[in-house]
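Observations on the model geometry
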Protein chains: 2
Amino acid sequence: MRIALDAVGGDFFPESPVKGAIEAVTSNPDLTVILVGPKELVEAEITKNDYDGKQLVVQDAPEIIRMNEHAAKAVKSKPGSSICVGLGLHAKGYSDAFVSAGNTGALLAASAVILGRLKGVLRPTIAAYYPTVKGFRLLVDAGANLETKPEFLYQFGVMGAVYARSFFGVDNPKIGLLNIGEEPEKGTEVLKETFKLLSKRDDFVGNLEGRDILAAKADVFVADGLVGNLLLKFGESIASDLKPLVAHAMAKLKLDESQQHLVAKVLATTFQPFEYQRVGGVPFLGVNGVSLVGHGKSNPEAIKNMILHAAKMVEARINERIVAALSEE
Amino acid sequence: MRIALDAVGGDFFPESPVKGAIEAVTSNPDLTVILVGPKELVEAEITKNDYDGKQLVVQDAPEIIRMNEHAAKAVKSKPGSSICVGLGLHAKGYSDAFVSAGNTGALLAASAVILGRLKGVLRPTIAAYYPTVKGFRLLVDAGANLETKPEFLYQFGVMGAVYARSFFGVDNPKIGLLNIGEEPEKGTEVLKETFKLLSKRDDFVGNLEGRDILAAKADVFVADGLVGNLLLKFGESIASDLKPLVAHAMAKLKLDESQQHLVAKVLATTFQPFEYQRVGGVPFLGVNGVSLVGHGKSNPEAIKNMILHAAKMVEARINERIVAALSEE
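What this report covers is the structure whose coordinates are included nearby. This one's a predicted model, so the numbers in the text were calculated from it and none came from an experiment.

**Observations regarding the pairing of strand β10 (residues 281-285) of chain A**
Residue and element names in this part refer to chain A.
- Across the five residues that make up β10, a large majority, five, are buried.
- Bridge count between strand β5 (residues 125-132) and β10: two bridges; the pairing is antiparallel. When the bridges of β10 are listed, I126 appears paired with F284.
- Taking the residues between adjacent antiparallel strands as the criterion, β10 and strand β11 (residues 291-294) are bridged by five residues, where G286 takes a positive phi near 105 degrees.

Next comes the structure, spelled out in structure tokens:
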């Protein structure tokens, strides 16, 4: 198993990617990580970490796409970037996957162009992990496709279900369509048509509302990228924004220091399973390859888990199963 | 001040509306509430509550629009419903406002048709209260307008700002546009154009992301009705869905019974300021009148607060100020 890793992706390169790569290969003797980035920078960082094993390989890529660069322009103007070079390696078969904590837009654009689409896929999508009372569930699309057609949304659901079966330990993942009400005639024209398309499937549970997400009324929540992205970033903010509200309540109730400490510990434990470090990265589904993007703030643990996540996607043959699921129609 | 109230709206009629009306008039000697609904039913309920003062008036409306009826059809086929009769009273000047905990869609449709639009308003909107670290802030549109144009979204922002100035004690309310990123070029075509329109205003703080809502980066969050409705119902679900997750964490940490009780008390206190009973109802903005809709589960306290909320909107002359704000362009 060979996973290519963007060594200059995210806010903390080259430290986080290199440390994360070392942790990943240390945990799995059959794994090779190809670190893609400016050769000297990456090699110096490997040396700094005293790693001298053979499970890390460096692939030179002199250019860097920054976090806030315009995605399409950056991909076009920097063919020598870690993102373009890394995805090129993967497309040519030199690696089984490519993972990065870099510019999401650039990664999506480059993945679509360099890897291409899987047979039958209309639009690749970002599938995000969403915290619920049953643990993580899937939200597709999380921001890749803002203007959608019913056929796109339908495929997001199908691809998400294939992924959820392997990754959430659910035998028959349920697909739900996010809408303003449960009735089939609710929503925009696109949502009404999507409802009709999804209704042909046994795993479709119908329209779901905003209150059904945390309650995990489905395993795969389908939405356009605007809705998905807003919900995703909203969800990520709950844990931290709850803190001042809880602090205010504790002051009102005049809790002593040890009581406050207890409450803080309970809250930290509550949100711990949902820290992005545990997932590492989220997949682009529908591209002809395995490509994951991690949080810009990824620490070494997150990078390690993103690498292992990609390896698991390769082993699960997600793409073969997506093509099969879409050709069943 | 005369407020017309739907006596058969919501899940708990006639008990909740009648009790709420009695509480409202008891708290304010200058207030008259016109209870609109089937005469005998309403009068019997008033008698049951031993109310014999002169601040309650009953207006017969024999028909009832149920919570799950198709909005447009119900309004058309039931001119004798409490909703149509009550809004008709208001339109003819017999009351200063109309409030209901009934079918939101029917209320919106009937408000738009019977009251009409304010001068200059393209589309009436539902403005929802949204919980943030700074207390409630405004989210417009909360589900009335699914297919929007930039001009509609622009007006939602302007109307929301007028409302927020009176109701949130903010001198210069800030308007934010919900989007997938901060840059002006982000989002759908509609959002890009809306950004340009709003950019002419001093109170526009730009595009905001999902993580900026709870953090209250604006006082008025502008979105189309699909996004707004999903976020609204999602927000309403946080308090209850957090409970099993916190319970799980407490079990993991082996908290004793008194510790668990303490944590539960802190959480209840945290969410208390955001209970819908305190707001009572949310306004339709842009209609030529004052029309509020309450939660279907409204208890007497919520009904009372909705009535007082409507009275405050009348006193604040919200509509005059909306017309003035829109004509300034």
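Let's pick the thread back up.
**Concerning the side chain of Q155 of chain A**
Residue and element names in this part refer to chain A.
- With respect to the secondary-structure elements, Q155 resides in helix α6 (residues 150-167).
- There is a polar contact of 2.8 Å between the side chain of Q155 and the backbone oxygen of G120.
- Setting aside its immediate chain neighbours within four residues, Q155 contacts G120, V121, L122, R123 and L326.

**Brief notes about the interface of chain A and chain B**
- Of the residues lining the interface, 54 residues belong to chain A; the matching set on chain B comes to 54 residues.
- For the pair chain A and chain B, the two sides together bury roughly 4,600 Å², of which 78% comes from carbon and sulfur.
- Among the residues chain A hides against chain B, the three largest losses belong to I180, L230 and F234 of chain A. Together they make up 15% of the total.
- Put simply, chain A and chain B have two salt bridges between them.
- The residue K233 of chain B makes a salt bridge to E209 of chain A at a minimum N-O spacing of 2.4 Å.

**Let's talk about the nonpolar core**
- With 235 residues, the main nonpolar core has L35 and I307 of chain A together with L35 and I307 of chain B as its most contacted residues.
- Aside from chain neighbours lying at most four places away, what touches I307 of chain A is I3, L5, G20, A21, A24, L31, V33 and V99 of chain A.

**Digging into the packing of aromatic side chains**
Residues and elements named next belong to chain A.
- The tally for this structure, following the rule as stated, stands at 17 aromatic pairs over all chains.
- Seen from their ring centres, F195 and F204 are 5.3 Å apart, and the 75 degrees between their planes marks the pair as edge-to-face. Considered together, F195 and F204 belong to a single accessibility category, that of buried residues.
- Among the aromatic residues, those joined into a ring-pair cluster are Y129, F136, Y163, F167, F168 and F274.

**Considerations on the packing of helix α8 (residues 225-252) of chain A against helix α9 (residues 257-271) of chain A**
Residues and elements named next belong to chain A.
- Where α8 contacts α9, the two axes come as close as 11 Å, and the packing angle between them is 160 degrees. Between α8 and α9, the angle falls in the class roughly antiparallel. When the axes of α8 and α9 are compared, the crossing they make is right-handed. Counted together, I238, A239, L242, V246 and M250 of α8 and Q260, V263, L267 and F271 of α9 form the full contact between these two elements.

Each value, and the rule that gives it
- Residues numbered from 1 in each chain as written.
- Chains lettered and ligands numbered in written order.
- Predicted model: local features only at pLDDT ≥ 70, side-chain atom pairs only at ≥ 80, totals over all residues.
- Heavy atoms only, no water.
- Buried < 20%, exposed > 50% of the residue type's maximum accessible area, 1.4 Å probe, protein only.
- Helix = DSSP H or I, 4+ residues; strand = E, 2+ residues; numbered from the N terminus.
- Pairing = 2+ DSSP bridges.
- Polar contact = N/O pair within 3.5 Å; in protein donor to acceptor, adjacent residues only side chain to side chain.
- Contact = heavy atoms within 4.5 Å.
- Buried area = accessible area lost by both parts, 1.4 Å probe.
- Salt bridge = Lys/Arg side-chain N within 4 Å of Asp/Glu carboxyl O.
- Core = buried A, V, L, I, M, F, W, Y, C linked by side-chain atoms within 4.5 Å.
- Phe/Tyr/Trp six-rings, centres within 6.5 Å; stacked < 30°, edge-to-face > 60°.
- Axes fitted to C-alpha atoms, helices over the stretch in contact; angles between N-to-C directions.
- Parallel < 35°, antiparallel > 145°, perpendicular 65-115°, else oblique.
- Left-handed = near helix turned anticlockwise from the far one by under 90°.

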